[in-house]
Amino acid sequence: MKLSKKRYKAIWPFVVFCGLAVLLYISLGKDPQHIPSPLIGKPAPDFTLPDLQNHSLLSKQDMQGNVWLLNVWASWCVACVEEHPLLNDLSASGIVLIVGLNYKDVQNNAVEWLDKHGNPYSFIAVDASGDVGIDYGVYGVPETFLVDQSGYIQYKHVGPLNPEIISQQILPLIRLLQEQES
Amino acid sequence: MTGAVLFSRLVNLLLFSALVVSVQPAIGFAAEPLPDLPSVEQQRTYDRLIRELRCLVCKNQNLLDSNAELAADLRRKTHELIAEGRNYQEVVDYMTDRFGTFVMYRPPLKTSTYALWGLPFLGFIVVLTLIIHRIRKRSQIQLLELGDEDRKIADDLLDKRKRDS
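Numbers given for residues are sequential positions, taken from 1 along each chain in its written order. Following the order in which they are written, the chains are lettered starting with A and the ligands numbered starting with 1. Local features in this predicted model are restricted to residues of pLDDT 70 or higher, and side-chain atom pairs are both shown and tallied only at a pLDDT of 80 or more, whereas totals for entire chains, interfaces and linings draw on every residue.

Draft legend 1. Representation of the overall build of chain B within the structure. Numbering of helices and strands runs from the N terminus; a helix is a DSSP stretch of H or I covering at least four residues, while a strand is a stretch of E covering at least two. Secondary structure summary: chain B contains 6 helices and 0 strands in total. Tracing chain B from N to C terminus, the helices and strands come up as α-α-α-α-α-α. Burial is judged by counting other C-beta atoms within 10 Å of a residue's own C-beta: 20 or more means buried, 12 or fewer means exposed, and anything between counts as partly exposed, with every C-beta placed from the backbone. Burial statistics for chain B: of 165 residues in total, 14% are counted as buried. When contacts within chain B are restricted to residue pairs at least 6 apart in sequence, long-range pairs at least 24 apart make up 45% of them. Whether two residues are in contact is decided by their C-beta atoms, placed from the backbone, lying within 7 Å.

This is the structure we're talking about:
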């Protein structure tokens, strides 16, 4: 009787160890850079900003009725170069309207950068001060938001896009939203 | 001057310049002068907020300590909001609406953070219970009454020790 109780006690450190091991293993697969956005499911913040290309004012209402991607980029952003070909392809396919948010950039640099890497954007809002970036909770460039026909944010990705994210998450969501509309 | 002295001077010079270079970013701290807020109360709220809000790019720094551009923007925004007349809670809400509760250094108490807040207290109670349990057990042993026979054996042993020494 006494022996079995002792044995029972001896198992506790092992149980605690297993618990910790499981917790650490789960966390291993998580991206510490990923912070869940409180904006998902909420209306995309309003903005009125000059357009990089024709200097007319651009606002969220101009996109009303479309499913659109808002891609936050800058010419100083190294990771933006990485994801850019994917945006060019997506733009060429015509599946979705792509809007750029040129975040804290110098206008000439931005124009040059687009000349060099291609321009997938139908519109480019210039956020020189970064205020609209704050409204969208931007903390690392690039970031990409998917906004539905009525202006609600449906999805957000922080960091460069990759083919898996586009084909497995963004495209199915776009299809779903466009089907709901029709 | 011998070669050894020259060498050690060179090392010193290198160390010193390394120090100067490494200190450089810290000098940048005082930069970006934001004007004082109209009231002492507002200035106090601002000082508190930039200590409690996290710089999201650097993760382990608050807005006050960080040199990151985003931190500077968020300091400017905080300053602006307070100058507009918003209070502490309104600025906190503004930030968490956009960046999530992660922007706060002190996580708020809500369903998803019960474990975070509760576990330390739970752990404390468990350890306290164990300690009390141990102490009680130990004091119980001490309280055991010695039987006459046991007492006699003990006395004999003590006497024997006295005689030996």
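Having seen the structure, we can now continue with the description.
Draft legend 2. Spotlight on the pairing of strand 4 (residues 97–103) of chain A. All names here are of chain A. Burial of strand 4 is extensive: 6 of the 7 residues sit out of reach of the surface. In short, DSSP must find at least two bridges between two strands for them to pair. When strand 3 (residues 68–73) meets strand 4, the two strands line up parallel, connected through 6 bridges. Of the residues in strand 4, the one forming a bridge with Asn-71 is Gly-100. The parallel pair strand 3 and strand 4, bridged by helix 2 (residues 78–93), forms a crossover whose chirality is right-handed. Across 5 bridges, the pairing between strand 4 and strand 5 (residues 123–127) is parallel. Residue pairing for strand 5: Asn-102 is matched across the bridge by Val-126. Crossovers are marked right-handed if the path from the first strand over the helix to the second runs clockwise, as seen with the strands pointing away from the viewer. Handedness of the crossover joining strand 4 and strand 5 through helix 3 (residues 107–117): right-handed.

Draft legend 3. Structural context of the environment of Ile174(A). Residues and elements named next belong to chain A. Tracing the sequence through the fold places Ile-174 in helix 5 (residues 163–181). Along the primary structure Ile-174 and Val-96 are separated by 78 residues, whereas in three dimensions their C-alpha atoms are 7.6 Å apart. Residues within four places of Ile-174 in sequence aside, it is in contact with Val-67, Ile-95, Val-96 and Leu-146.

Draft legend 4. Focus on the confidence of the model for chain B. Residues and elements named next belong to chain B. Confidence scores here are pLDDT values: one per residue, from the predictor, ranging 0 to 100. This prediction gives chain B a mean pLDDT of 80; 78% of its residues lie at or above 70. Mean pLDDT per element in chain B: helix 1 (residues 3–27) is the minimum at 51, and helix 4 (residues 88–99) is the maximum at 93. Under a pLDDT of 50 for its full length, residues 19–31 has, in the predicted model, 2 contacts with residues more than four places off or in other chains. Scored as a whole, the predicted complex attains pTM 0.71, and scored at its interfaces, ipTM 0.78.

Draft legend 5. Fine view of helix 3 of chain A. Residues and elements named next belong to chain A. Among all positions in helix 3, only Ala-110, Trp-113 and Leu-114 are buried. Viewed end-on, helix 3 has its buried residues packed into an arc of 100°, placing them on one side of the element. Exposed and oriented more than 90 degrees from the buried face of helix 3 are Asn-108, Glu-112, Asp-115 and Lys-116. Directions drawn from the helix axis to the C-beta atoms are what define this arc.

Draft legend 6. Seen up close, the nonpolar core. All names here are of chain A. Here a nonpolar core is just a set of buried residues of the types Ala, Val, Leu, Ile, Met, Phe, Trp, Tyr and Cys, joined wherever their C-beta atoms sit within 7 Å. Core analysis: the biggest nonpolar cluster contains 57 residues, and Leu-70, Val-99 and Ala-125 have the highest contact counts within it. Broken down by element, this core gets its largest block of residues, 5 residues, from strand 3. Not counting residues within four places of it along the chain, the set of residues in contact with Ala-125 comprises Phe-47, Leu-49, Asp-51, Leu-58, Val-99, Leu-101 and Asn-102.

Draft legend 7. Quick look at the domain arrangement of chain B. Those domain boundaries reflect an automatic or database domain assignment. We note that the domain assignment places domain 1 (32–108) and domain 2 (113–164) within chain B. For domain 1 of chain B and domain 2 of chain B, the distance between their C-alpha centroids amounts to 53 Å.

Draft legend 8. Spatial organisation of the pairing of strand 7 (residues 153–158) of chain A. Residues and elements named next belong to chain A. Here strand 6 (residues 143–147) pairs with strand 7 via 5 bridges, running antiparallel. Bridge pairing links Val-147 to Ile-153 in strand 7. If you look at the hairpin formed by strand 6 and strand 7, you'll find 5 residues sitting between the two strands, and Gly-151 has a positive phi there, around 90°.

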